[in-house]
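Overview (structure and organization)
For reference, the chains in residue letters:
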Amino acid sequence: MNPIASFKVNGRDVNLFGCRYSVGPARKFVLATDEGEPFGTVTVNVPGYPLADDEVLVKTWEENAPARQPLLNSGIFSDTGKRVLCGYAEVEVWKLLPSKLM
């Protein structure tokens, strides 16, 4: 599988791959790897929250905070401005840009 985008975070080369969840609604998700190893959770699945087919829920808190802007700069996302409360965290709703739809 070829990456849909690549970027750097803290000097690390990160590759993004597009996939779909296998349970529930087959929502899209994005996997990040660094030299073939998992880099971190990019997207999360919040059951019951309605999403358009081109939207994903992005984890931008804690260890993902430094990756937020590089992810947006990667050219595959745009921030919709919508937010979803998930426990104590606020999940950002981002749109996958048409040229990168999986």
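Look above for the structure.
An account of the accompanying structure is given in this report. These figures come from a predicted structure and were not determined experimentally.

The next thing to look at is the nonpolar core. Ranked by size, the top nonpolar core spans 18 residues in total, and within it L16, V42, L71, F77 and W94 carry the most contacts. When residues of this core are traced back to their parent elements, those giving at least two are strand 1 (5-9), strand 2 (12-20), strand 3 (28-34), strand 6 (55-58), helix 1 (68-73) and strand 8 (89-96). Element by element, the count of residues in this core is highest for strand 1, at three residues. Ignoring sequence-local partners within four residues, the contact set of W94 consists of D54, E55, V56, V58, T60, R68, L71, L72, F77, S78, D79 and T80. In terms of nonpolar packing, the next biggest core, distinct from the first, is built from six residues, L57, V84, V91 and V93 among them.

One open sheet accounts for four strands, arranged 1-2-3-4; its pairing is antiparallel. The open sheet terminates on both sides in strands that have one partner only, identified here as strand 1 and strand 4 (37-41). Averaged over all adjacent pairs, the angle separating strand axes in this sheet is 40 degrees, with direction ignored.

Reading guide: rules and limits
- Residues numbered from 1 in each chain as written.
- Predicted model: local features only at pLDDT ≥ 70, side-chain atom pairs only at ≥ 80, totals over all residues.
- Heavy atoms only, no water.
- Core = buried A, V, L, I, M, F, W, Y, C linked by side-chain atoms within 4.5 Å.
- Buried < 20%, exposed > 50% of the residue type's maximum accessible area, 1.4 Å probe, protein only.
- Helix = DSSP H or I, 4+ residues; strand = E, 2+ residues; numbered from the N terminus.
- Contact = heavy atoms within 4.5 Å.
- Pairing = 2+ DSSP bridges.
- Axes fitted to C-alpha atoms, helices over the stretch in contact; angles between N-to-C directions.

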